[in-house]
Amino acid sequence: MARATIGSTAMEMKTFTDCMYFINGHCKLNDKCRYRHCPTAIAQVKNCFKWPKICRDAKCPYRHPAPPPRNIEKNKNKFSSEPKTTSTLISSPPKLQQEGLISFFWDIENVPIPKAQKPFDIVQRIRQKLVIDVGLREYSFSCFCNSTTISQENQLNLFHANVRIVHVPDRKSGAVDRQIMLELDRFERAHRPPATIVLISGDIDFVGKLSDLRHQAGFHVIVIHNKPAKEELKATVNAHYPWELFTQKSTNEVNNLPSLMTELASRAPQPYRMNTQNKDGLLHQVESANMRAPTPVRSRPNPVKKQTYPCPKCSSEFDSIQAVRQHQEAKDHLFDCPGCDELFTTLDGQTQHKKAKGHYDAEYNCGQCNRRFNQLDSLNQHQRATGHNGFASPVSNISDGFFHEPFVLLSQPPTPPKINKTTSDILEDAAMTVIQQGIAALVQHYPTMFNKK
């Protein structure tokens, strides 16, 4: 009887214990599951302080985690009954607090490094703002990209800043975003809330994952976004900062230069200096700065600016043409031919291909079968081959009795089997009128050809 009582008690405890699969959002048993499925407990992070001793409410809004096994409780009681030995020399190391961690995930293709700025300085500003001033402990700082798109100088700066470069060799669009999603999942499984997650990206594709990390997992989520970032992404996270806050130089750094120049100008010249020609090591008076002849100032050559290569479809700039091509393939910033599936990296290449292959946009169509053609000769050849003959109709208005712009051939509507005599007479008169006007226009514009004696 004792065993039956213990088994029934364990079964009752399952009905009040949270299902770990339901908490994570993918329990396959649904109503057949023996554990508790409470939707309000998913949004909570705190555990019920009355559980598992008193609380037996299946709809309790707080979490009911699984109680520890009885073997562990017996071992705890066994160890607690033994006499405790105190030692003043050996002390156990303090446990690391998970809530003090912060980790950075940088989508460097979406939020690139500005020109004429070092990534080392940008990373130090981010750490000063989000790590040192807040008093957190940095766990990792990673940037995700195809490393071939970053210059060697920027890679060296990131290495000196202790930033881990995660190389994503896949050139398909969205490959970097998928890698960042995997790293966020690994961080969620390895750490507990309320740790801090900082995403440096303005991509709207991360809004679903960030919402789960904040509302379901309980992490503190921060986004450092660029200017095109949408408002939905900013409203999802706990805090958001613009990228320009960390890329612009602070006022203290800018104001230090004038103060240094004024300090150097205010210093008086030293009348005594060491004479390098004397070997006795004594100081000798030399001519003051006002008595000496002014030394000619050498003009320094202007520093040569590095040539940059912009992307033809966005505002990004790169140090080499190879980096531009890889960026175009990664972001699908290519020019496609309307007549085939071939892609080109430049607009000139697309134009040359269209001229060579004749893949222009269709401008002429047959009025009877609605087939489109790129050239007027092709339409005429089609009508002669299929019998879809028609009369010429201009695209624009008619003036002076002739057409001023290119025209397309429109097919005649099919004639009914029976035609009234009045209708046929009208059509013949109209045709003769058109012919006469055409002849008159030719005579007017080419008088030398028709007025020969």
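Colleague: So what's going on with the overall build of the chain? Residues and values would help.
Modeller: Helices and strands together make up the secondary structure of the chain, namely 16 helices and 18 strands. Every one of the 453 residues in the chain was classed for burial, and the buried ones make up 28%. By sequence separation, contacts in the chain at least 24 residues apart represent 45% of the contacts at least 6 residues apart. As presented, the chain carries roughly 33200 Å² of accessible surface, and 54% of it is formed by carbon and sulfur atoms.

Colleague: Before we move on, can you summarise the confidence of the model for the chain with the specific residues and values?
Modeller: Interpretation of the predicted coordinates at a detailed level should be avoided for regions scoring low in pLDDT. Looking at the chain as a whole, the pLDDT averages 75, with 69% of positions reaching at least 70. Note that pLDDT drops below 50 for residues 84–98; the model gives that stretch five contacts with residues more than four away or on any other chain.

Colleague: How would you sum up the side chain of Thr149? Please name residues and give values.
Modeller: Structurally, Thr149 is set in the loop between β2 (137–145) and α6 (152–160). Residues contacting Thr149, with those up to four places away along its chain left out, are Phe318, Ala323 and Gln326.

Colleague: Quick rundown of the state of the cysteines? Include the residues and the values.
Modeller: A full pass over the atoms with the stated rule returns zero disulfides. The cysteine Cys314 is free of any disulfide, with Cys311 supplying the nearest cysteine sulfur at 3.5 Å. A relative accessible area of 27% places Cys314 in the partly exposed class. Here Cys369 is not disulfide-linked; the sulfur of Cys366 is the nearest cysteine sulfur, at 3.7 Å.

Colleague: I'd like a description of the pairing of strand β4 (residues 196–200), backed by residues and values.
Modeller: The buried fraction of β4 amounts to five of the five residues, a majority that puts the element mostly inside the structure. In β4, alternate side chains face the same way, and those of Thr196, Val198 and Ile200 on one face and Ile197 and Leu199 on the other are all buried. Pairing geometry for strand β1 (residues 101–107) and β4, over five bridges, is parallel. Residue pairing across strands places Trp106 opposite Ile200, the latter belonging to β4. Where β4 lies against strand β5 (residues 220–225), five bridges are found, and the strand directions are parallel. When the sheet's bridge partners are listed, Ile200 is paired in β5 with Ile224. For the crossover that starts at β4, traverses helix α8 (residues 207–216) and ends in the parallel β5, the hand is right-handed.

Reading the values: the criteria
- Along each chain, the written sequence defines residue order, and numbers are assigned to residues from 1.
- Totals for whole chains, interfaces and linings use all residues, but because this is a predicted model, local features are given only for residues with pLDDT of at least 70 and pairs of side-chain atoms are given and counted only at 80 or more.
- Here the side-chain values reflect all heavy atoms present in the structure, with hydrogen atoms and water set aside.
- Strands here are runs of E lasting at least two residues and helices are runs of H or I lasting at least four, both read from the DSSP assignment and numbered beginning at the N terminus.
- Burial here depends on accessible area, computed with a 1.4 Å probe over protein chains only, as a share of the maximum for the residue type. Under 20% is buried, over 50% is exposed, and the range in between is partly exposed.
- The contact definition used throughout considers only heavy atoms, calling two residues in contact when any of these lie within 4.5 Å.
- Areas reported here follow the Shrake-Rupley algorithm with a probe of radius 1.4 Å; residue values treat only the protein chains shown as occluding.
- For every residue, the pLDDT score states the predictor's confidence, bounded by 0 at the bottom and 100 at the top.
- Throughout, a disulfide means two cysteine sulfur atoms within 2.5 Å of one another.
- A strand pair is defined by DSSP finding two or more bridges across the two strands.
- Here the term right-handed applies to a crossover when the path leading from its first strand over the helix to its second strand runs clockwise, the strands being oriented away from the viewer.

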